[in-house]
Amino acid sequence: MKLPSCLRYTALAALAAVLSLEPVAADPSLPTDCASVFQGQRLTIVVPNAAGGGYDLYARALAPVLTAITGATAQVTNLPGGGGKTAIARVNEAPPSEMVALFDSATDVIPSVLSDATLGMTMADLEVLGIVHSDPETWLARHGIDLADPSTTRLISAASMIESNLIPVGLASLALGIESKVIAGYNGSVENTAAILRGEVDMASASLTTALRARETNDLDLALVLADSPHPAAPDVPVLGGPGGMIERRSAGLPAPERAERQRLGEIVVALANGPRTLFAPARMEPRTKACFEAAMTAALESPDFRAAAEARKRPVTPVTGPEADEIVARIATAYLDARPLLEMLLASQSR
Amino acid sequence: MTEFFDPLGIGLANVFSWPNILIPLLGTVLAMIPSFLPGIGAASLAAIMIAVTVTWEPVSVLLLFGALTGGATFMGSITAILFNIPGNASSAAVLLDGHPMARDGQARMAIAASATASAVGSLIGVLVLIALLPAVRPLLLQFGPAERFLFGLWGLVAIIAVPNASALRALAATLLGLTLALVGSDPVSSAPRWTFGAFALFEGFGHVAMLLGFFTLAEVISWRRSYDLKPVAPVDASRDSARAGIRAVFRHWGLTGRSALIGTAVGMIPGVGGTVASFVAYAQAAQGRGADPARFGQGDIRGVIAPEAAVDAKDGGSLLPVLAFGLPGSEGGVILLSVLTIHGLTPGAPMLTSGLGLSYTLIFALLLSNLVTSALGLALAPQAARLTRLRIDRLALPVLLVALVTSVQLNGTLADLHVAVGFALLGYLFKRFDWPRIPFVIAFVLGGFIETNLQLSQQLLEVGRLQPLQRPGVLIVLGLIALSLWWMLRKPAAGTAAQRGPAARAEPVFAALLLVLALGLAVISLTGAPAYSGFAQTLVWSAVAVLALILTRGLRAGGGLAGAALPAAHRLPFVALAALPLGIWLLGLPLALAALVGVWVVLDTPAGRWRIVRAAVWAGAAGAGVALYLERVAAIRLPPSLLASAWGGLV
């Protein structure tokens, strides 16, 4: 009897996994004193979504690479709830000796931390370990929506919550001179997409990876990328800002101050809608532990094994680590603080 | 016709050929592991399998994931029937009648009926799926927020008539269930509602934690020293046989078919889920022809058949939105979509045309898995039924520990344990004071679903994107609601006050407790925060009004404190559970559970020189077992207790 090859390979993989329970030596590229830090330890990546989604797939591709590099056991914990705040609180409250990382979009984490006083923290409580990939937001729309057409002046959008829609739809619509009405309460991107298909709404915002996948079914259009230059993964799709962008096209003929104001709004949107999928560590982690954890995470993010594992799951990887990653996240935080009064005004006008 | 039959043949050949068939069988076995044990996530297991199967051929992957989708459903019902522990949220409806049957010496029959209903439901679901698949896309677009809202409302209307001696108490329980379902955040503004600043409550009370508390832990409170409980009836082949269970499913073929169709329809609606399917099916079973609502909840086999058929039929339906539009309706669907994407399979039109053979492969693997689990369930029924011979008071501690650890394992936090404990106390009091638990639970399960879809429908009406009377689905569900209302008006209320237990005389005490709870929530809702919508306020103030009426009536009828005291044997578990959150905060989970076990064993052991030693051994074993399990198996790290922090500070 010959077993299917996939079963044979799986049996071998299971055997290898069992054998790998034996402690593995830490990667020699890590600082020398890190081996003792990792010995017998567990590394936890907290994902604020359910298992099986995009962030979870990345995290599960990263965990075995971290295990191989550190010799410690790396695991993924899914902690959905509270719009990601449950996971933020879990990481923030971790004991200083625990090696734990939050994996979420910086554009989701920053507004939560800065606007929700009940979390009782600031961005100084989180440190950036690295960015896995940056994915701009897009507008996913029903067929027939032509944003370049000046007669397109009103759109109805689907969203889970009004707050999360403020930047990619509310502010972007303002920049385009389009009146947007949000129907809030749909349960995530799947429900948003279904609402467009049923004709209840015209569009919804979605990350580029999600939107590209949705477009493959030919049921929906990718109407706009919230960037200021064409994205390599979607070169044919119009962009919001920059030269030749949709703002420029729709505001041609308007007085110069109004054009400039719309461009300014567009810049805010582009700054805040380019979601870096970021790994954060609690700032109060013990310094030595943190240094080793960060070194291991940097090595894992830049490892060809991680790239191969993520890409096998159809997840692109464009890692950014070190001061460059800190700078990207700090820039988003500054842009958010600058835009906050405007966003609060927008929220008041869109809420009941 | 070849366009239809050729892909069907490909699907059948892919599944039922050697050695391919090994893959779905392996998937079924894998899926059973978490299904037996609540809280060990089936989704996490499937997510791990994504990594394992990255290099597999698409057909092999579909065979495995079809089986993982199907096999995860039925086995949770066995623990629900035997031990009152729902293996997953959707098997909670099965315990309503399944566990009373097991206590009445009919465990074998209940498990057999459950397994058979599962197989038949799954088969019907798959047949409907096969028939609809080529033309499913327009159909799926008919299920919008308006249809969902009315569907939830139908479930609620149907259940209000289920066993109760007082329509007023059923109404109060329903309103309370709906109100507690709204704890979390407002679906439109996403502003927190009745969360008291706890992030863990932003998504509301977890359904599994609530069900574990309300049924399992609440039941355990009354198990200690339950020597006076009616013993399990001796095995009597004429009353308890697997064959009788199988036959019952076919005797109630109309009910089985209706429930399976409900499950299939629910499965087709993304985001609704098996819990709603099973409870709505249970509710309509109680309204079926010849059904006596008073028997439901007491061990009526129809209360086992309906939810089981619905839950397993749902699996087939749930594949449709993923295959047709790439829209997953559940965690399992999200994983399946990831799998399709990873292996270059495009959901949507391609999976229904050129890839139809692969779609059927997935469907038949799911069917095979469901049939295998049912066959195993039937085979295990006689052995499993023997477990009911164990003395119930001896089961109390193990079940208590399993349920508590499970609740922590759900999301790796203590919040779910607190939810489970809170609902355990409430559930015990519901039982003790003879209040109807089923309307409360169904209202709780459906409450958030109803509110979300009502609010979406209102918004769509405002912007002119919804014309309800032009939607066939809306008209059909409105017809079902009208039928249910008509049925309710014809049926007299079940039971009388005279049939209620002695504790019912103390009803004003319980009504007053609930009134304080509802009034507290109602007063908070007056703060004017946007989360407290008109819907939320109407519900909570209606609950206050109905509870006040019940209290007044009870006092007028001479009710009072007499009979309110808990039976002596129930006091320790009740107080211990109530104090557990405090104990965990002080000592940490393993030590707090060890203390609970120690006290329990001391009080249950006759005085003697080994009494303390025995208690210490059991307590140590329980504490060490829980600590090791959380640390090594479940890989959960809980926040340090006050004691640990103080010790750390000293060291």
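Here is what the cut-offs are and how they apply
Residues numbered from 1 in each chain as written. Chains lettered and ligands numbered in written order. Predicted model: local features only at pLDDT ≥ 70, side-chain atom pairs only at ≥ 80, totals over all residues. Heavy atoms only, no water. Contact = heavy atoms within 4.5 Å. Salt bridge = Lys/Arg side-chain N within 4 Å of Asp/Glu carboxyl O. Polar contact = N/O pair within 3.5 Å; in protein donor to acceptor, adjacent residues only side chain to side chain. Helix = DSSP H or I, 4+ residues; strand = E, 2+ residues; numbered from the N terminus. Nonpolar A, V, L, I, M, F, W, Y, C, P; charged D, E, K, R; others polar. Axes fitted to C-alpha atoms, helices over the stretch in contact; angles between N-to-C directions. Parallel < 35°, antiparallel > 145°, perpendicular 65-115°, else oblique. Left-handed = near helix turned anticlockwise from the far one by under 90°. Buried < 20%, exposed > 50% of the residue type's maximum accessible area, 1.4 Å probe, protein only. Core = buried A, V, L, I, M, F, W, Y, C linked by side-chain atoms within 4.5 Å. pLDDT = per-residue confidence, 0-100. Phe/Tyr/Trp six-rings, centres within 6.5 Å; stacked < 30°, edge-to-face > 60°. Lys NZ or Arg CZ within 6 Å of the ring centre and 35° of its normal. Patch = residues over 30% accessible without salt bridge, like charges linked within 9 Å, V, L, I, M, F, W, Y side chains within 5 Å. Areas by Shrake-Rupley, 256 points an atom, 1.4 Å probe, with all protein chains shown as cover.

Quick notes on the interface of chain A and chain B
For step 1, the next point in the chain: Facing the 60 residues of chain A at the interface are 59 residues of chain B.
For step 2, the next point in the chain: Summed over the shared surface of chain A and chain B, the number is two salt bridges.
For step 3, the next point in the chain: A salt bridge links Arg465(B) to Asp202(A); the shortest N-O distance between them is 3.1 Å.
For step 4, the next point in the chain: One can count five residue pairs in polar contact (both at pLDDT 80 or more) joining chain A with chain B.
For step 5, the next point in the chain: Broken down by element, the residue count for the side of chain A that touches chain B peaks at five residues, all from helix H7 (residues 188-197) of chain A.
For step 6, the next point in the chain: Here the residues of the side of chain A that touches chain B are counted per class, giving 24 nonpolar, 15 polar and 21 charged.

A few points about the environment of Ile268(A)
For step 1, the next point in the chain: Along the polypeptide, Ile268(A) turns up in helix H10 (residues 256-272).
For step 2, the next point in the chain: If we skip the residues at most four places from it in the chain, Ile268(A) touches Leu171(A), Ala339(A) and Leu342(A).

Some thoughts on the packing of helix H7 (residues 107-132) of chain B against helix H12 (residues 242-251) of chain B
All names here are of chain B.
For step 1, the next point in the chain: Running from N to C, H7 and H12 cross one another at 40°; their axes reach a closest spacing of 7 Å. Between H7 and H12, the angle is such that the two are oblique. The chirality of how H7 crosses H12 is right-handed. Note on element contacts: H12 touches H7 through Ala 242, Ala 244, Gly 245, Ile 246, Val 249 and Phe 250, opposite Arg 108, Met 109, Ala 112, Ala 113, Thr 116, Ala 117 and Val 120.
For step 2, the next point in the chain: Of the residues contributing to the contact of H7 with H12, the split by class is ten nonpolar, two polar and one charged.

Comments concerning unusual backbone geometry
Residue and element names in this part refer to chain B.
For step 1, the next point in the chain: Following Trp 18, the chain continues to Pro 19 via a peptide bond in cis, the omega torsion being 0°.
For step 2, the next point in the chain: Within the element layout of this structure, Pro 19 appears in the loop between helix H1 (2-15) and helix H2 (22-36).
For step 3, the next point in the chain: Positive phi values are uncommon outside glycine, yet Trp 194 reaches one of about 55°.
For step 4, the next point in the chain: Here Trp 194 is to be found in the loop between strand E2 (192-193) and helix H11 (207-221).
For step 5, the next point in the chain: Within the chain, Asp 434 stands out as a residue other than glycine whose phi angle is a positive 65°.
For step 6, the next point in the chain: Take Asp 434: its relative accessible area is 34%, and that puts it in the partly exposed class.

A short note on the side chain of Thr44(A)
All names here are of chain A.
For step 1, the next point in the chain: Looking at where Thr 44 falls in the secondary structure, it is placed in strand E1 (residues 42-47).
For step 2, the next point in the chain: You can call Thr 44 buried: its relative accessible area is 3%.
For step 3, the next point in the chain: Here the side chain of Thr 44 touches Gln 75 through a polar contact of 3.3 Å, side chain to side chain.
For step 4, the next point in the chain: Apart from the residues within four sequence positions on either side, Thr 44 is in contact with Gln 75, Thr 77, Arg 90, Glu 98, Met 99, Val 100 and Ala 101.

As for the nonpolar core
For step 1, the next point in the chain: Core analysis: the largest hydrophobic core is formed by 233 residues, its most contacted members being Phe65(B), Phe423(B) and Phe440(B).
For step 2, the next point in the chain: Leaving out residues up to four positions away in the same chain, Phe65(B) has contacts with Ala46(B), Met49(B), Ile50(B), Thr53(B), Ile335(B), Leu336(B), Val339(B) and Leu362(B).
For step 3, the next point in the chain: Judged by nonpolar contacts, the second largest core, of 64 residues, contains Ile88(A), Ala223(A), Val270(A) and Leu272(A).

A short note on the confidence of the model for chain A
For step 1, the next point in the chain: Here chain A averages 87 in pLDDT, and 91% of its residues register 70 or above.
For step 2, the next point in the chain: A low-confidence stretch, residues 17-24 of chain A (pLDDT under 50), is modelled with three contacts involving residues beyond four sequence positions or located in other chains.

Structural notes on the environment of Val523(B)
Residues and elements named next belong to chain B.
For step 1, the next point in the chain: Mapped onto the fold, Val 523 is located in helix H23 (residues 507-525).
For step 2, the next point in the chain: For Val 523, a relative accessible area of 48% puts it in the partly exposed group.
For step 3, the next point in the chain: Along the primary structure Val 523 and Val 540 are separated by 17 residues, whereas in three dimensions their C-alpha atoms are 9.4 Å apart.

Some remarks on the packing of aromatic side chains
The relation between two aromatic rings is expressed through the spacing of the ring centres and the mutual angle of the planes.
For step 1, the next point in the chain: Under the counting rule described, the total for this entry stands at 17 aromatic pairs over all chains.
For step 2, the next point in the chain: Both rings, one in Phe205(B) and one in Phe423(B), keep their centres 5.2 Å apart while their planes meet at 80°; by these two values the pair is edge-to-face. Residue Phe205(B) is located in the loop between E2 and H11, and its partner Phe423(B) is located in helix H20 (residues 415-432); the two are separated by 218 residues in the primary sequence. Here Phe205(B) matches Phe423(B) in class, with each residue buried.
For step 3, the next point in the chain: An angle of 55° between the planes, with centres 5.5 Å apart, marks the rings of Tyr428(B) and Phe574(B) as tilted. Residue Tyr428(B) is found in helix H20, and its partner Phe574(B) is found in helix H25 (residues 568-587); the two are separated by 146 residues along the sequence. Across this residue pair, the class does not change: Tyr428(B) and Phe574(B) are buried.
For step 4, the next point in the chain: Ring pairs connect the aromatic residues Phe205(B), Phe214(B), Phe215(B), Phe423(B), Phe430(B), Phe433(B), Trp435(B), Phe440(B), Phe444(B) and Phe510(B), which therefore count as one cluster.
For step 5, the next point in the chain: Taking NZ or CZ as reference, Arg277(A) lies 4.6 Å from the ring centre of Tyr55(A), over its face.

Focus: the pattern of salt bridges
All names here are of chain A.
For step 1, the next point in the chain: Counting across every chain of the model gives 22 salt bridges over all chains.
For step 2, the next point in the chain: Notably, a salt bridge pairs Arg 277 with Asp 135, separated by 3.3 Å at the nearest N-O pair. Remark: Asp 135 occurs in strand E4 (residues 126-141) and Arg 277 occurs in strand E9 (residues 274-282); sequence separation between them is 142 residues. Like Asp 135, Arg 277 is buried.

Thoughts on a nonpolar patch on the surface
Residues and elements named next belong to chain B.
For step 1, the next point in the chain: A contiguous nonpolar surface patch, about 650 Å² in accessible area, is contributed by Leu 582, Trp 585, Leu 586, Leu 587, Leu 591, Leu 642 and Leu 643.
For step 2, the next point in the chain: At the level of elements, H25 and helix H28 (642-650) are the ones that each hand at least two residues to the nonpolar patch.
For step 3, the next point in the chain: Top contributing element to the nonpolar patch by residue count: H25, with four residues.
For step 4, the next point in the chain: Here Leu 643 falls in the partly exposed class, since its relative accessible area comes to 44%.

Brief notes about the packing of helix H10 (residues 167-181) of chain B against helix H21 (residues 437-462) of chain B
All names here are of chain B.
For step 1, the next point in the chain: Put simply, H10 and H21 touch, their axes get as near as 7 Å, and they point 35° apart. The two elements H10 and H21 meet at a crossing, and its hand is right-handed. Contacts between H10 and H21 pair Ala 170, Ala 173, Thr 174, Leu 176, Gly 177, Leu 178, Leu 180 and Ala 181 from the former with Pro 439, Phe 440, Ala 443, Phe 444, Gly 447 and Gly 448 from the latter.
For step 2, the next point in the chain: Classifying every residue of the contact of H10 with H21 by side-chain character gives ten nonpolar, four polar and no charged.

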